[in-house]
Amino acid sequence: MRQIILDTETTGLDPRQGHRIIEVAGVEVVNRRLTNRHFHHYVNPDRDIDEGAQNVHGISRDFLADKPRFADIADDFLDFIDGAELVIHNAPFDVGFLNAELELLGKQPVTTYCHKVTDTLKMARDNYPGKRNSLDALCERLEIDNSKRNLHGALLDAELLADVYLIMTRGQDGFAMVFEESAETIAFNADSSRLKQLRILVADESELQEHQKVLAQIQKESGGKCLWLSETAPN
């Protein structure tokens, strides 16, 4: 499972008014693990930046004057996201800007190139109804250090969002653990001499109670999607 945690910064709020992307970043997650691969570029928009937007991200037109245009990075960007699931906070905003940039180049919408798009803002609203669900609010709620986030920046925000997403969906970690342990079990069973030394340990009552507490926590944080508490869970 390959995912790209994505963020952009822009000259304003609406691509239909001619606003453009000025920064785009994505960090790669494979099988719920950060790979340290990322895509990051500042982009020359060939237009002014709204004052309100610049106050949010601190990026000036002068800073962007020698940066590449989106057309210069588009193919590399599409190669990076090809076939992956995009994970974006407030996805309609970023996808709208990406589609506008691609349309200017005569290319298909971004969803043509990626597997699907997941909106973590919608996910957070489902998990934490009635609460603030901005990236900063989620970092505070999930105890993620965002002390370096004085201004919005696409790469830092994508890295923080990756942590947020992995914690909000950590009930899925169990699947990766099952696959890893299965591989280890196969390797162990191949050695019949070690198999004879296998000790079978049975959990006591206190350990079973702790296990139920963990399942309850996963159930809560995954929005009721804990596999082991579902009716179809294996015995």
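Above this note sits the structure.
All values reported here derive from a predicted model rather than from experimental measurement.

1. Brief notes about the packing of aromatic side chains
Here comes step 1: Within the structure shown, the criterion is met by five aromatic pairs.
Here comes step 2: Over the ring of F80 we find R2, and its NZ or CZ is 5.5 Å from the ring centre.
Here comes step 3: Above the ring of Y128, the side-chain terminus of R141 is found at 4.7 Å from the ring centroid.

2. Examining the sheet that holds strand β1 (residues 2–10)
Here comes step 1: Reading across the sheet, the five strands line up as β3-β2-β1-β4-β5 and stay open at both edges, with mixed pairing between neighbours. Taken across any chain shown, the strands that pair with only one partner, and hence form the sheet edges, are β3 (33–42) and β5 (116–119). The sheet shows a mean angle of 25° between the axes of neighbouring strands, direction not considered.
Here comes step 2: The sheet contacts of helix α3 (residues 70–81) involve β1, β2 (21–30), β3 and β4 (85–88), and relative to β3 the element is tilted by about 165°.
Here comes step 3: Contacting β4 and β5, helix α5 (residues 120–127) runs over the sheet at an angle of about 45° to β5.

3. Brief notes about the pairing of β3
Here comes step 1: Here seven bridges tie β2 to β3, and the two strands are oriented antiparallel to one another. Bridge assignment links A25 to a residue of β3, and that residue is H40.
Here comes step 2: Turn length for the β2-β3 hairpin, with the two strands adjacent in sequence and antiparallel, is two residues, and the turn residue N31 shows positive phi of about 50°.

4. A look at helix α4 (residues 91–104)
Here comes step 1: Counted at 1.5 Å a residue, the expected span for α4 with its 14 residues is 20 Å, and the 20 Å between its end C-alpha atoms agrees.
Here comes step 2: Within α4, burial applies to A91, D94, V95, F97, L98, E101 and L102. Buried residues of α4 fall within an arc of 160° about the axis and therefore sit on the same side. In α4, those exposed residues whose orientation departs by more than 90 degrees from the buried face are P92, E103 and L104.
Here comes step 3: Next to the buried residues of α4 lie β1, β2, α3, β4 and β5.
Here comes step 4: Residue G106 follows α4 closely and has a positive phi angle near 70°.

5. Some remarks on the layout of surface pockets
Here comes step 1: Considered as a void within the structure, the largest pocket measures approximately 520 Å³ in volume.
Here comes step 2: Taken together, the elements giving at least two residues each to the lining of the largest pocket come down to β1, α1 (51–57), α4, α6 (135–141) and α7 (154–168).
Here comes step 3: Considering each element in turn, the lining of the largest pocket owes the most residues, five residues, to β1.
Here comes step 4: Residue composition of the lining of the largest pocket, by class: seven nonpolar, nine polar and seven charged.

6. Here we look at α3
Here comes step 1: Given a rise of 1.5 Å per residue, 12 residues ought to cover 16 Å, and the 15 Å separating the end C-alpha atoms of α3 matches this to within 8%.
Here comes step 2: Looking at the buried side of α3, the elements it contacts are β1, β2, β3, β4 and α4.
Here comes step 3: Just downstream of α3, G83 is the residue with a positive phi angle, here 80°.

7. A look at the packing of α5 against α7
Here comes step 1: Packing of α5 against α7 leaves a shortest axis separation of 11 Å and a crossing angle of 40°. Taken together, α5 and α7 sit at an angle that is classed as oblique. Where α5 crosses over α7, the handedness of that crossing is left-handed. Listed contacts from α7 to T120, M123, A124 and N127 of α5 are L161, Y165 and M168.
Here comes step 2: Residue classes in the contact of α5 with α7 are distributed as five nonpolar, two polar and no charged.

8. Let's talk about unusual backbone geometry
Trans peptide bonds make up most of the peptide bonds, and negative phi angles are found at most residues other than glycine.
Here comes step 1: We note that R32 has phi near 65°; this positive angle belongs to a residue other than glycine.
Here comes step 2: Here R32 shows up in the loop between β2 and β3.
Here comes step 3: In this structure, N90 is a non-glycine residue whose phi angle is positive, near 65°.
Here comes step 4: Within the secondary structure, N90 is located in the loop between β4 and α4.

Conventions and cut-offs
Residues numbered from 1 in each chain as written. Predicted model: local features only at pLDDT ≥ 70, side-chain atom pairs only at ≥ 80, totals over all residues. Heavy atoms only, no water. Phe/Tyr/Trp six-rings, centres within 6.5 Å; stacked < 30°, edge-to-face > 60°. Lys NZ or Arg CZ within 6 Å of the ring centre and 35° of its normal. Pairing = 2+ DSSP bridges. Helix = DSSP H or I, 4+ residues; strand = E, 2+ residues; numbered from the N terminus. Axes fitted to C-alpha atoms, helices over the stretch in contact; angles between N-to-C directions. Contact = heavy atoms within 4.5 Å. Expected span 1.5 Å × (residues − 1). Buried < 20%, exposed > 50% of the residue type's maximum accessible area, 1.4 Å probe, protein only. Arc of directions from axis to C-beta. 1 Å grid on protein atoms, 1.4 Å probe; cavity = no way out; pocket = protein on both sides within 12 Å on 5 of 7 lines; lining within 4 Å. Points joined across faces, edges and corners; volume = space filled by probe spheres on them. Nonpolar A, V, L, I, M, F, W, Y, C, P; charged D, E, K, R; others polar. Parallel < 35°, antiparallel > 145°, perpendicular 65-115°, else oblique. Left-handed = near helix turned anticlockwise from the far one by under 90°.

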